[in-house]
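A closer look at the structure
Here are the chains, one letter per residue:
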Amino acid sequence: MLKRFFILCSGVDSDIVNGCSNGEQNKYAGIGATVFFTAIMAFIASSYALFTVFDNIYTAVFFGLIWGFLIFNLDRFIVSTIKKRDNFLDEFIQATPRIALAIIIAIVISKPLEIKIFQKEIATVILKEKNEMAIANKKQVANYFKTDVDKNKAETDSLKSSITKKEKEVAALYQSYITEAEGSAGTKKMGKGPIYKEKRMAYDLASKQLDSLKTNNTKIITEKESKAKTLQADLDKKITETQPIIDGFDGLMARINALNKLPWLPSFFIMLLFLAIETSPIIAKLLSPRGEYDFKQEDNEMGIKNVLAQNRYQSDLQKKTDAEIYDKVYADIKDDKELYNYKKKSALELLKLQADGFVEKQKKSI
């Protein structure tokens, strides 16, 4: 039962192979088994790849089955269409497009399994990329808000600076009128003279200006600081909103790119393994000598070709004979006087009708 199933997988003509020896049947059963297990590997690989895309096992298995059946049908078709001939070069040329297709299939099958085999290493690469993306994202968001933040900070600093400047001015005036009263500076006369009063008035005026400046600037500084907190909250919110996108950066394409950043040699050997598996039915059929099945298949093809050639020859001969007969018949008719007179009479009647019709048209146009 299993042997018949694998023979069916090989794509051979069951009517021919059933009449062959047991060894010949075993050869094609082996080729069919290779085709079958290649399709199984394609199903596993595609299911895993699609699971990383859809994150749903049932969807992945469903489309994985479709892909497995497609690969099975392609491999079965490839193997069944390679026919053994006496010239190996002709056979190889015949198999070249099929080998190229097998290479493409092998690469497609091997990639998802490579991703699964090197899953831990790929996860490390993806984590590093996520961290780099998170840092870059923070910088981009910060740059987006930088103009507003810097402007707000500069205005706040300017307001604080003006208060500090005014405080220094008031402190200097205070020191000036105190030292004037003590006689240690200014006029060097102790007491509260006219100069002292002038300096005291200047201090009182500056002190009032300082109080007014503090009242106005403190209110504006409070608003600016509140705006700075709002800008910082917006910045943090923007980073929080974009973080899930970075966290979700682990799809199929990201994993393939991460795989390409790993050392290429292990991945290359895995691909070679699948390439060997995928091309093994074709290589086996190319390298195997012509067997009983090949001779019987060629014999059937030759029989069909002979029948078609004979039918074509008979058709051509019949067409040639009919043409010669009709040539002779029409040559005899050509010399018949009765037929000539009949055709002449018909032609004269037609010419008369045409002439009468032309005259009628001319009369209507006048």
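All figures in this text were calculated on a predicted structure; none of them were measured in a lab.

So, about the overall build of the protein. When helices and strands are counted, the protein shows eleven helices and zero strands. Taken over C-alpha atoms, the radius of gyration comes to 50 Å for the protein, far larger than the 21 Å a tight globule of 366 residues would show. Here the C-alpha coordinates of the protein stretch approximately 165 × 100 × 40 Å along the principal axes. Taking all 366 residues of the protein together, 29% fall into the buried category. Across the protein, every contact between residues at least 6 apart in sequence was considered, and the portion connecting residues at least 24 apart equals 76%.

With 17 residues, the main nonpolar core has Ile-109, Phe-118, Ile-122, Leu-259 and Leu-262 as its most contacted residues. Secondary structure elements with two or more residues in this core: helix H3 (22-54), helix H5 (88-117), helix H6 (119-182), helix H8 (252-260) and helix H9 (264-287). With four residues, H5 is the largest single contributor of residues to this core. Ignoring any residue separated from it by four or fewer positions in sequence, one finds Leu-262 in contact with Phe-118, Glu-121, Ile-122 and Val-125. Grouped together as the second largest cluster of nonpolar side chains are 16 residues, Ile-7, Ala-33, Val-35 and Tyr-293 included.

Turning to the side chain of Thr-38, a few remarks are in order. Position of Thr-38 relative to the elements: it lies in helix H3. Separated by 2.7 Å, the side chain of Thr-38 and the backbone oxygen of Thr-34 make a polar contact. In contact with Thr-38, other than residues within four places in its own chain, are Asp-75, Ile-109, Ile-277 and Glu-278.

Thresholds applied
- Residues numbered from 1 in each chain as written.
- Predicted model: local features only at pLDDT ≥ 70, side-chain atom pairs only at ≥ 80, totals over all residues.
- Heavy atoms only, no water.
- Helix = DSSP H or I, 4+ residues; strand = E, 2+ residues; numbered from the N terminus.
- Rg over C-alpha atoms; globule rule 2.2 N^0.38 Å.
- Buried < 20%, exposed > 50% of the residue type's maximum accessible area, 1.4 Å probe, protein only.
- Contact = heavy atoms within 4.5 Å.
- Core = buried A, V, L, I, M, F, W, Y, C linked by side-chain atoms within 4.5 Å.
- Polar contact = N/O pair within 3.5 Å; in protein donor to acceptor, adjacent residues only side chain to side chain.

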